[in-house]
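# Notes for the structure review
Each chain, written out:
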Amino acid sequence: MSAAFGTSSAEKARGLRTRLPWWALALPVVSFVALLTLLAGSAEARAASAPQSLAALLEYLARFVGAGA
């Protein structure tokens, strides 16, 4: 007796093209640049003083994360 074999999922997946969304590459790049900036600026670290733009950015991010929760 011969058995009938269908196409396996591996054969179907071979012709399948998958593309990453744009943010799948952008997020690691942005994270790396942010961490690199923090490390590069740590040589000039001062106690409890942040530039106004950085303080405003951190406040905005805190509100954004808080709104999503």
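Quick caveat: nothing in here was measured; it's all calculated off a predicted structure.

On to the overall build of the protein chain. Across its full length, the protein chain carries three helices and zero strands. Each of the 69 residues in the protein chain was classed as buried or not, and the buried ones make up 0%. On the protein chain, roughly 7,000 Å² of surface is accessible, and the fraction owed to carbon and sulfur atoms is 67%.

Another aspect to go through is the packing of aromatic side chains. With the rule as written, the count across this model stands at one aromatic pair. Between Tyr60 and Phe64 the ring centres are 6.4 Å apart and the planes differ by 20°, which places this aromatic pair in the stacked class. With Tyr60 and Phe64 both in helix H3 (residues 52–68), this residue pair falls four residues apart, about one helical turn.

Among the surface-exposed residues, Leu54, Leu57, Leu58, Tyr60, Leu61, Phe64 and Val65 lie close enough to one another that they form a single nonpolar patch of about 690 Å² accessible area. Judged by relative accessible area, Leu58 falls into the partly exposed class, the value being 48%.

With 20 residues, helix H2 (residues 22–41) extends 29 Å between its outermost C-alpha atoms, agreeing within 8% with the 28 Å of an ideal straight helix rising 1.5 Å per residue. Taking burial as the measure, the 20 residues of H2 include zero buried ones, a minor fraction of the element.

It is worth spelling out the confidence of the model for the protein chain at this point. With 58% of its residues at a pLDDT of 70 or more, the protein chain has an overall mean of 75. Ranking the elements of the protein chain by mean pLDDT puts helix H1 (residues 9–14) last, at 62, and H2 first, at 87.

Calculation rules
- Sequence positions are assigned chain by chain, starting from 1 and proceeding in written order.
- Thresholds applied to this predicted model are a pLDDT of at least 70 for local features of residues and 80 or more for the giving and counting of side-chain atom pairs; totals over whole chains, interfaces and linings are not thresholded and use all residues.
- The side-chain values count all of the structure's non-hydrogen atoms but skip hydrogen atoms and water molecules.
- Labels follow the DSSP assignment, with helices taken as runs of H or I lasting at least four residues and strands as runs of E lasting at least two, numbered in each case from the N terminus.
- Buried, partly exposed and exposed residues are distinguished by accessible area as a fraction of the type maximum, computed with a 1.4 Å probe on protein chains only: under 20%, between the cut-offs, and over 50%, respectively.
- Methods summary: accessible areas were calculated by the Shrake-Rupley approach with a probe of 1.4 Å, and residue burial reflects only the protein chains presented.
- For Phe, Tyr and Trp, where Trp contributes only its six-membered ring, two rings pair if their centres lie within 6.5 Å, and the inter-plane angle classes them as stacked under 30 degrees, edge-to-face over 60, or tilted in between.
- To count toward a patch, a residue needs a relative accessible area over 30% and no salt bridge; like charges are then connected within 9 Å, while nonpolar side chains (Val, Leu, Ile, Met, Phe, Trp, Tyr) are connected within 5 Å.
- Each reported salt bridge corresponds to a side-chain nitrogen of Lys or Arg within 4 Å of a carboxyl oxygen of Asp or Glu.
- Here, expected helix span is obtained from the residue count minus one, scaled by 1.5 Å.
- A score between 0 and 100, pLDDT records how confident the predictor is in each residue.

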